[in-house]
Amino acid sequence: MKLRNLAFSITAISLAGMVSTANADTWRFGLEEIEGSVQHGYAEEFKKKIEEKSDGDVTVEILPYGKWGSDYSTLYDAIQSGSIPLSFGSGFLGGTVPESQLMSLNFIMPADELETAKILNSDAFMKSDAWQQAYRNRGLVPLAAVPEGYQVWTANREIHTPDDMKNLQIRVMDNSLLRETYKAYGASPITISYGELYSALQQGQADGNIQPVFAHEEMGFYEVQDYMIFAKQAQFVGNVIANQDWYEGLSDEQRQMIDETTDEMVQVGHDIQSELNETRLDTIKEKGDIEIIELSEEERDQFRKLAEPVRQTFIDEVGELGEQALNTLLEQVKASEGSESQ
Ligand code: 6CS
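Definitions and limits used
Residues numbered from 1 in each chain as written. Predicted model: local features only at pLDDT ≥ 70, side-chain atom pairs only at ≥ 80, totals over all residues. Heavy atoms only, no water. Helix = DSSP H or I, 4+ residues; strand = E, 2+ residues; numbered from the N terminus. Rg over C-alpha atoms; globule rule 2.2 N^0.38 Å. Contact = heavy atoms within 4.5 Å. Areas by Shrake-Rupley, 256 points an atom, 1.4 Å probe, with all protein chains shown as cover. Lys, Arg positive; Asp, Glu negative; His and termini not counted. Charge placed at Lys NZ, Arg CZ, Asp CG, Glu CD. Patch = residues over 30% accessible without salt bridge, like charges linked within 9 Å, V, L, I, M, F, W, Y side chains within 5 Å. Salt bridge = Lys/Arg side-chain N within 4 Å of Asp/Glu carboxyl O. Buried < 20%, exposed > 50% of the residue type's maximum accessible area, 1.4 Å probe, protein only. Near = heavy atom within 4 Å. Polar contact = N/O pair within 3.5 Å; in protein donor to acceptor, adjacent residues only side chain to side chain. Nonpolar A, V, L, I, M, F, W, Y, C, P; charged D, E, K, R; others polar. Pairing = 2+ DSSP bridges. Right-handed = clockwise from strand over helix to strand, strands pointing away.

## Focus: the overall build of the protein chain
Reasoning step 1: On a plain count of helices and strands, the protein chain comes out with 16 helices and ten strands.
Reasoning step 2: Scaling as 2.2 N^0.38, a compact globule of 342 residues should have a C-alpha radius of gyration of about 20 Å, and the protein chain matches this with 19 Å.
Reasoning step 3: With respect to the three principal axes, the spread of C-alpha positions in the protein chain is 55 × 45 × 30 Å.
Reasoning step 4: For the protein chain, the proportion of contacts with a sequence separation of at least 24, taken over those separated by at least 6, is 76%.
Reasoning step 5: When the accessible area of the protein chain is evaluated, it comes to approximately 14100 Å², of which 43% is carbon and sulfur surface.
Reasoning step 6: Here the protein chain contributes 27 positive and 59 negative side-chain charges, whose respective centroids are spaced 2 Å apart.

Printed below as a string of structure tokens:
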């Protein structure tokens, strides 16, 4: 169901109500995306595995976007307070965990999406002191990273080079690293909430948008844009995070069960996202009249060069833990054999 149709059917559950009905064995899992999304597909498989492994002792209750409300700060506050102990957090999470913006840097990961998922979920990165500490300093624990597909641009003008992007009012998630990246490309980035984006694009309040293909389709964004541009500059990464007190209050067996499940979900999550992005692209091609552009290597190089200094902006903005996490990630990317980079 497209979000614009969902607006009036949102059943925002009161968070206070959630706490009072909480049951020790019900794990609420908040999503930033609607039913049918990559986050939803991931959460459904996660639920199945956890409920099986726990022999029915644990029930996972999935709360898609709209079910818990629609302003991401409500969701992140609920994770920090523990009323929703498990959740996805991505681009908007930068206000809560600045280091998480590492996932927004362009041109740093391998081109291969499964390889990216393996690196991000390796113990060397996910369990590194810097990545763990960045979240734990805010009462959270990072459990997994889920690449949801390449971030694809749409715009109401053709884009091949940074010159074409000049002053383009492109909508980015509320994340200063994304804003800096798109300023470096010459655009004029603006932030609009996910739920208001369709009408903002329709009414010309923004000229462009960035999403994985499945989201362009399920939110209907492609219907109100003229060009869809594949630059392969970055993948969208959703972080699975937990409330720290909740996580530490689990038994060793339960924490082990989560670890085992998130490990298994690396391949499963990749399969979910690649299938969904592929079929949704077919739908866009069938139903829409949006023109699809794939940038050449020479065109991509122009953006790559402009993105590089933003790594230093990231370090300057978030400090030591961010720098350590970035270095660990770059070491892992370098060590990943035979994998061409973005
Ligand atoms: O652009 C956004 O705001 C949202 N897009 C996706 C694909 N997931 C969550 C994110 O916040």
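On we go.
## Remarks on a negative patch on the surface
Reasoning step 1: The grouping of D271, E275, E278, D282 and E286 at the surface amounts to a negative patch.
Reasoning step 2: With respect to the secondary-structure elements, E278 resides in helix α13 (residues 252-287).
Reasoning step 3: Its relative accessible area of 57% is what places E278 among the exposed residues.

## Here we look at the site of the ligand
Reasoning step 1: The ligand sits among E32, E33, Y72, S90, F92, R171, M173, Y194, Q211, P212, A215 and F236.
Reasoning step 2: R171 is positioned with one of its side-chain polar atoms (N or O) 2.7 Å from an oxygen atom of the ligand.
Reasoning step 3: Within the side chain of Q211, an N or O atom sits 2.9 Å from an oxygen atom of the ligand.
Reasoning step 4: A total of 300 Å² of accessible area belongs to the ligand in isolation, and the protein chains cover 100% of it.
Reasoning step 5: Grouping the amino acids of the shell around the ligand by side-chain chemistry returns seven nonpolar, two polar and three charged.

## Section: the pairing of strand β2 (residues 59-63)
Reasoning step 1: Here five bridges tie strand β1 (residues 26-30) to β2, and the two strands are oriented parallel to one another. Bridge assignment links F29 to a residue of β2, and that residue is I62.
Reasoning step 2: Considered for its hand, the β-α-β crossover made up of β1, helix α3 (residues 38-53) and β2 is right-handed.

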